[in-house]
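Below are the chains, spelled out letter by letter.
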Amino acid sequence: MSLLSIIEEVDSFKKTDAFYTFLDHEGRTALGYIDPTIVKLLQSEPTFITNHEFKTIAIGSTFDTLEKRNEMFAEVANRWRKIPELDVILNKGWRNELYVIYNPSKIQYARMERAFSVLLGVITYGVHINGYVPPELSSDGKLKLYIPRRSKTKSTFPGMLDNTVAGGIGYPHGLETTVIKECFEEAGLEEDFVRKNIKNTGVLTYIYLTDDRRAEPEVEYIYDIIIKEDEAYLINPQDGEAEDFQLMTIDEVLQRVKNREFKPNCGLVIIDFLIRHGYITAENEPDYLEIVSKCHVKLPFPTR
C-alpha cells in the first residue's frame, strides 16, 4: 500500500475560483486564500476591499502600520464571535493566543487571534516532536514511539492519535521557547531533559483543505527526542490535552497511520520520521519522490 494517499489528505488544497486571494493593504502581496463562506462575511466589512473580477480581498489602505492592523483584526475577530455559524471555530477554538503574519518575509506584518487566523487562510506555524526509543536502546530491538491520544474535549480532532508533542508558535515565543513550553505542558518533560536530548530535524510545509473547505497553509518545525523505556515515567501531561500515552512499536504506529487513526498532519510527520530513519525508502515505497515533495511544498506567501 502506497503512503501517498495519506500525504495527499494533508497537502490537499487546490486553488479554485471559489477562493479569493487575501492581499495586504497595498493590494500587492498575497497573504492567504479565503474560502467562499468567509468572503461573504468580509464583503460587509468596511475595513476590507473586495474585487470580484480578480477574486481578491485586500486590507484597507488606511491600515498602514502594524499597530493599526493588530487593532483592526482584534476588533473584527471579537465581533465575529457573535456569529452563530462561527461559534465552533471562534468561541470553542478561542485561545487568547496571537499568531503572526509576515510581510515581507521575516518582518511582522500583523498579529491576530489564533482561532481567527484560520478563517483568513494565512500561514500558521507550529512544532511537532517525535519522542522515541531507538532500536539499540529498545528492550526488543524495535524502534518505538510515544503516542498520545487527544482528549475527547479538544475542539479539533478529539480522540485521535497525535505526535508525542505538538503546538503552535504563538507571539512572542520563538522556536526554542515553544519547544520547551509545549514539551512541559503536553508531556510534563522538564526543560533540562529537553535541552539535553532534543534534536531539530527539519521542517514540513503543505496546504491543508479542511473538512469545512478552508485553506490552511502550515509550516511545521520537526524535532526528535530520545526517551528511553526506563524514562517513560518522565512523561506526565500537565494541560489535559492528552488522555494517555502509549509506547508503540513502529509497526503498530504505521498500521494506525494507514487506518487513519492519527490527526492527519501527525500521520505526515510520522511518515517523514520513518523516511529520515530509513524505514521508508525509494526501494520499498513506489511514490517516494512524490511523498517527499508533497511534504515540502513551496508556499506562495511571505514566511517567517
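Predicted, not measured: the structure shown is a model, and the values here were computed from it.

What counts, and at which threshold
- Each chain carries its own residue numbering, running from 1 in the direction its sequence is written.
- Confidence filtering applies because this is a predicted model: local features only for residues at pLDDT of at least 70, side-chain atom pairs given and counted only at 80 or more, and all residues used for totals across whole chains, interfaces and linings.
- Only heavy atoms go into the side-chain values, all of them from the structure, while hydrogens and water stay out.
- Per the annotation, domain bounds derive from an automatic or database assignment of domains.
- Buried area is a sum: the accessible area each of two parts loses on coming together, probed at 1.4 Å, counted once for each and added.
- Criterion for a salt bridge: a side-chain nitrogen of Lys or Arg within 4 Å of a carboxyl oxygen of Asp or Glu.
- A 3.5 Å cut-off defines polar contacts: any pair of N or O atoms within that distance qualifies, except that in protein one atom must be a possible hydrogen donor and the other a possible acceptor, and neighbouring residues in sequence count only when both atoms are side-chain atoms.
- Counting from the N terminus, the helices are the DSSP runs of H or I reaching at least four residues and the strands are the DSSP runs of E reaching at least two.
- Amino acids outside the nonpolar list (Ala, Val, Leu, Ile, Met, Phe, Trp, Tyr, Cys, Pro) and the charged list (Asp, Glu, Lys, Arg) are all regarded as polar, and Gly is one of them.
- Each residue's exposure class comes from its accessible area (1.4 Å probe, protein chains only) as a fraction of the maximum for that residue type: buried when under 20%, exposed when over 50%, partly exposed otherwise.
- Side-chain rings of Phe, Tyr and Trp (the six-membered ring for Trp) are treated as a pair once their centres are within 6.5 Å; stacked means planes under 30 degrees apart, edge-to-face means over 60, and tilted covers the remaining angles.
- Think of it as a cone above the ring: NZ of Lys or CZ of Arg counts as a charge over the ring if it is within 6 Å of the ring centre and within 35 degrees of the ring normal.

Turning our eyes to something else, we now look at the domain arrangement of the chain. In terms of domain boundaries, the chain breaks down into domain 1 (3-11 + 124-295) and domain 2 (20-118). Spacing between the C-alpha centres of domain 1 and domain 2 amounts to 29 Å. Both sides together, the interface formed by domain 1 and domain 2 hides about 1200 Å², and carbon and sulfur atoms give 56% of it. Where domain 1 touches domain 2, the interface holds zero salt bridges. Counting across the domain 1 and domain 2 interface gives two residue pairs in polar contact (both at pLDDT 80 or more). Listed by contribution, the elements that provide at least two residues to the side of domain 1 that touches domain 2 are β7 (124-133) and β11 (215-226). Looking at side-chain class alone, the side of domain 1 that touches domain 2 contains four nonpolar, four polar and five charged residues.

This part is about the pattern of salt bridges. Per the counting criterion, the structure on display carries 23 salt bridges. Linking Asp140 and Lys144 is a salt bridge whose minimum nitrogen-to-oxygen distance equals 3.3 Å. A salt bridge links Lys152 to Glu243; the nearest nitrogen and oxygen atoms lie 3.2 Å apart. Here Lys152, found in the loop between β8 (144-150) and β9 (165-168), pairs with Glu243, found in strand β12 (residues 242-249); they are 91 residues apart in sequence, far enough to count as distant. The exposure class of Lys152 is exposed, given its relative accessible area of 61%.

One pass over the structure, following the stated rule, counts nine aromatic pairs. Residues Tyr102 and Tyr125 carry aromatic rings whose centres are separated by 5.8 Å and whose planes lie at 90° to one another, so their mutual orientation is edge-to-face. Taken together, the positions of Tyr102 in strand β5 (residues 98-102) and Tyr125 in strand β7 put the pair 23 residues apart, joining distant regions of the chain. Both residues of the pair, Tyr102 and Tyr125, belong to the buried class. The rings of Phe22, Phe48, Phe73, Trp80 and Phe116 are connected pair by pair, giving a single aromatic cluster. Seen from the ring of Tyr109, Arg69 lies directly overhead, with NZ or CZ sitting 3.7 Å from the centre. The cationic tip of Arg81 hangs over the ring face of Trp94; the distance from NZ or CZ to the ring centre is 4.0 Å.

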